[in-house]
Amino acid sequence: MAAAGVGSGRIIYEQEGVYIHSSCGKTNDQDSLISGILRVLEKDAEIIVDWRPLDDALDSSSILYAGKDSSSVVEWTQAPKERGHRGSEHLNSYEAEWDMVNTVSSKKKPHTNGDAPSHRNGKSKWSFLFSLTDLKSIKQNKEGMGWSYLVFCLKDDVVLPALHFHQGDSKLLIDSLEKYVVLCESPQDKRTLLVNCQNKSLSQSFENLLDEPAYGLIQKIKKDPYTATMVGFSKVTNYIFDSLRGSDPSTHQRPPSEMADFLSDAIPGLKINQQEEPGFEVITRIDLGERPVVQRREPVSLEEWTKNIDSEGRILNVDNMKQMIFRGGLSHALRKQAWKFLLGYFPWDSTKEERTQLQKQKTDEYFRMKLQWKSVSEEQEKRNSRLRDYRSLIEKDVNRTDRTNKFYEGQDNPGLILLHDILMTYCMYDFDLGYVQGMSDLLSPLLYVMENEVDAFWCFASYMDQMHQNFEEQMQGMKTQLIQLSTLLRLLDSGFCSYLESQDSGYLYFCFRWLLIRFKREFSFLDILRLWEVMWTELPCKNFHLLLCCAILESEKQQIMEKHYGFNEILKHINELSMKIDVEDVLCKAEAISLQMVKCKELPQAVCEILGLQDSEVTTPDSDTGEDENIGMTRCPTSTFQSDSLPVLATSGARDDSPTQIAMSPNVSRLTPA
């Protein structure tokens, strides 16, 4: 798309006194020094770097094109004398920044016989602008060599004229760009900064798993996997098919029907549509029975909590307390205490004195680890690229994590400093994993509740023990969860699964963001506090978060099917559910699904293992019953979760009992749940 006017865009950075030395130093003629204005602008989720001479600052007719075959340079229509706000304004637009990832394309101005456009004067020909997505590298001047300058090299190997900062401040430009791309020193030349060179586990995972270079979508994921997976499918009526077309003409005719096969192949081991695969047991659809309707209680109060503590500070009747928390959550005043138990920082059977001693020990341990990175000198860090990369990613993410929350809003907020320090210290705690984008989302609510650096760190470390596989290089946790989710959804509603498959959406990739950071961007901040504390009880079964996914999808089934949503519309619809889901309603539905499954006398072996239900009786072909239809069925006992005290009403919805076959992978039981 050709960039439009600045009027509807936003100026992120602006600097006057940025010169092009057109004569390359061969003359002292002042005309060889062309003074101009350098701007970085945000327009329709696209970041544009724009330099033009002062005389041409109001004229959009003279743009330097990188080459007649280049698509790197876009047209820009400058709104006369329109100025935006500088600098830190972007910090307050964090949510908007993540609202949409657009496919960046460029519209070239036609030239006669491939020639460059004509210019009214010598200065005009130096004007240029380009999209940040087309930037390959930035070369800096040698220290102590006159004015600082920067040279931009684009991905089609076009080198733009050097920009000389006569008034200094070239570092401010680099800082502004680093808020949108990752820059790191080239191993071959320390003066050269390479774009998007991060070598993090999540990025490596996508490089390894998504290796089809012809598709623009996958290229976008490779460039910025976190952004693409976290927010890449919002407001995307034409996003998917536009990005699939990419810049390669040979891909323009790719039919949308190829997408399911492509995305399922993108993650090795993620095989969801397997009904016809040899070796998979085919099971007649099971009658799960009527689904109960559950009701939730009020949050556990401080008084209720206190009544369950003995004279030495031990928590009494832990199972009952967990059930109360599962059904109602916690009052906010209680969270600071209770979360430490739920996350395993405090043992449930510990006394108050034991917890005091534990906190002293953990405080000493935390600050020893913090000192490790705090004491690294600048000279040492220059020789530690891994630590530099961690710090760069953390600083970038901290500056845009939950900035609309009062705890983190504004400049020089102490909450941001704590967020940064805890994440840096975690790199010392688990240096193999280090920092991966997305982890700041998991820490933010913990720090908000704890209001204490040490307690927040150890709660975060415990939470990361649960979430670790989501961020590992091979992403085994994510692969396992997507397979398990498909298994559960097919059991609950094989018709809906079949519809999703018919629309090339059977791989459930649109649930990736939900699973990666446990719904952090699907619910409001306060709702996430409620949702997480309920999940941390580990009730009513293992992998309850997958049943939450099923509950959400089931709620959207009618609209998706009745409106005949296709591949693109399903992605768009699911992503736009963000901040619109009722947390209490979803919790009720997910619990009802779990009770329905627990009460079912016969469940597939794979489902029992996903939900952590132990076998009590397995009917085999050698069993005396002689009923072939029971092959592959497992009798599962009721879970340890007690539902008797909860009002349960029979649902009125009738179930379609027409015979349907469900394919269950025998490999699911051998996968380790995340």
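To be clear, the structure that these remarks concern was listed above.
Residues numbered from 1 in each chain as written. Predicted model: local features only at pLDDT ≥ 70, side-chain atom pairs only at ≥ 80, totals over all residues. Heavy atoms only, no water.

(A) Geometry of the overall build of the protein chain. Of the regular secondary structure elements, the protein chain holds 24 helices and 16 strands. When burial is assessed residue by residue, the protein chain has 53% of its 674 residues classed as buried. Relative to all contacts within the protein chain whose residues are 6 or more apart in sequence, the contacts with residues 24 or more apart total 73%. Approximately 29,900 Å² of the protein chain is accessible, and the part contributed by carbon and sulfur atoms is 47%. (Helix = DSSP H or I, 4+ residues; strand = E, 2+ residues; numbered from the N terminus. Buried < 20%, exposed > 50% of the residue type's maximum accessible area, 1.4 Å probe, protein only. Contact = heavy atoms within 4.5 Å. Areas by Shrake-Rupley, 256 points an atom, 1.4 Å probe, with all protein chains shown as cover.)

(B) Molecular detail of the nonpolar core. Counting 125 residues, the largest nonpolar core has Phe471 and Phe519 as its most contacted members. If one sorts the elements of this core by residue count, helix α16 (residues 453-471) sits on top with eleven residues. Once you skip the residues sitting within four places of it in the chain, phenylalanine 519 turns out to touch Trp514, Ile528, Leu531, Met535, His545, Leu548, Cys549 and Ile552. Within the second largest apolar cluster, 30 residues are counted, among which are Tyr13, Val40, Leu163 and Tyr180. (Core = buried A, V, L, I, M, F, W, Y, C linked by side-chain atoms within 4.5 Å.)

(C) Structural context of helix α18 (residues 494-502). Within α18, the full set of buried residues consists of Ser494, Phe496, Cys497, Tyr499, Leu500 and Glu501. Next to the buried residues of α18 lie α17 (476-492), α21 (544-562) and α22 (567-575). Its side-chain oxygen placed 3.3 Å from the backbone nitrogen of glycine 495, aspartate 493 serves as the N-cap of α18. At the C-terminal side of α18, aspartate 504 shows a positive phi close to 60°. (Polar contact = N/O pair within 3.5 Å; in protein donor to acceptor, adjacent residues only side chain to side chain.)

(D) Spatial organisation of the packing of α17 against helix α23 (residues 583-599). Close contact between α17 and α23 brings their axes to 12 Å; oriented N to C, the two are set at 75°. It follows that α17 is roughly perpendicular to α23 by the angle criterion. Where α17 abuts α23, its residues Leu488, Leu491 and Leu492 lie against Ile593, Gln596 and Met597. (Axes fitted to C-alpha atoms, helices over the stretch in contact; angles between N-to-C directions. Parallel < 35°, antiparallel > 145°, perpendicular 65-115°, else oblique.)

(E) Expanded view of the pairing of strand β6 (residues 148-154). Counting buried residues in β6 gives six out of seven residues, a clear majority hidden from the surface. Where strand β5 (residues 135-140) and β6 come together, five bridges link them in antiparallel fashion. Across the sheet, leucine 135 pairs through a bridge with leucine 154, a residue of β6. (Pairing = 2+ DSSP bridges.)

(F) Broad picture of the pattern of salt bridges. A full pass over the atoms with the stated rule returns 31 salt bridges. In this structure, glutamate 303 engages lysine 307 in a salt bridge whose closest nitrogen and oxygen atoms are separated by 3.7 Å. Of this pair, glutamate 303 and lysine 307 are both found in helix α8 (residues 302-307), four residues apart, which corresponds to roughly one turn of the helix. By the burial criterion, glutamate 303 is exposed, and lysine 307 matches it. (Salt bridge = Lys/Arg side-chain N within 4 Å of Asp/Glu carboxyl O.)

(G) Up close: the packing of α21 against α22. Interaxial distance between α21 and α22 falls to 12 Å at its minimum, and their mutual angle equals 135°. Judged on the interaxial angle alone, α22 and α21 are oblique. Regarding α21 and α22, the two cross each other, and that crossing is right-handed. Of the residues in α22, those in contact with Leu553, Glu556, Gln559 and Ile560 of α21 are Ile570, His573 and Ile574. The residue makeup of the contact of α21 with α22, split by class, is four nonpolar, two polar and one charged. (Left-handed = near helix turned anticlockwise from the far one by under 90°. Nonpolar A, V, L, I, M, F, W, Y, C, P; charged D, E, K, R; others polar.)

(H) Expanded view of the side chain of lysine 370. With respect to the secondary-structure elements, lysine 370 resides in helix α11 (residues 352-374). Overall, the relative accessible area of 11% leaves lysine 370 in the buried class. A distance of 3.2 Å separates the side chain of lysine 370 from the side chain of aspartate 421, its partner in a polar contact. Each residue touching lysine 370, except ones within four places of it in the same chain, is listed here: Asp421, Thr425 and Glu453.

(I) Region of interest: α11. Over its 23 residues, α11 runs 32 Å from end to end, which matches the ideal 33 Å to within 8%, given 1.5 Å per residue. For α11, the complete set of buried residues consists of Arg355, Leu358, Lys362, Tyr366, Met369, Lys370 and Trp373. Against the buried residues of α11 lie α10 (332-342), α13 (385-398), α14 (414-429) and α16. (Expected span 1.5 Å × (residues − 1).)

(J) Quick peek at the pairing of strand β9 (residues 192-195). Pairing of β5 with β9, which is carried by three bridges, proceeds in the antiparallel orientation. Along β9, the bridge assignment pairs lysine 139 with threonine 192. Pairing geometry for strand β8 (residues 183-185) and β9, over three bridges, is antiparallel. Within β9, the residue paired with glutamate 185 across the bridge is leucine 193. Linkage of β8 to β9, two consecutive antiparallel strands, is achieved through a turn of six residues.

(K) Up close: unusual backbone geometry. Omega for the peptide link from leucine 539 to proline 540 comes to -5°, which places this bond in the cis form. Structurally, the position occupied by proline 540 is in the loop between α20 (525-536) and α21. With phi around 50°, aspartate 412 is a residue other than glycine that occupies positive phi space. Look at aspartate 412 and you get exposed, because its relative accessible area is 71%. One non-glycine residue with positive phi stands out, namely glutamate 538, at about 60°. Relative to the assigned elements, glutamate 538 resides in the loop between α20 and α21. Relative accessible area serves as the criterion here: at 60%, glutamate 538 is assigned to the exposed category.

Fair warning: the whole summary comes from geometry, so function is off the table for now.
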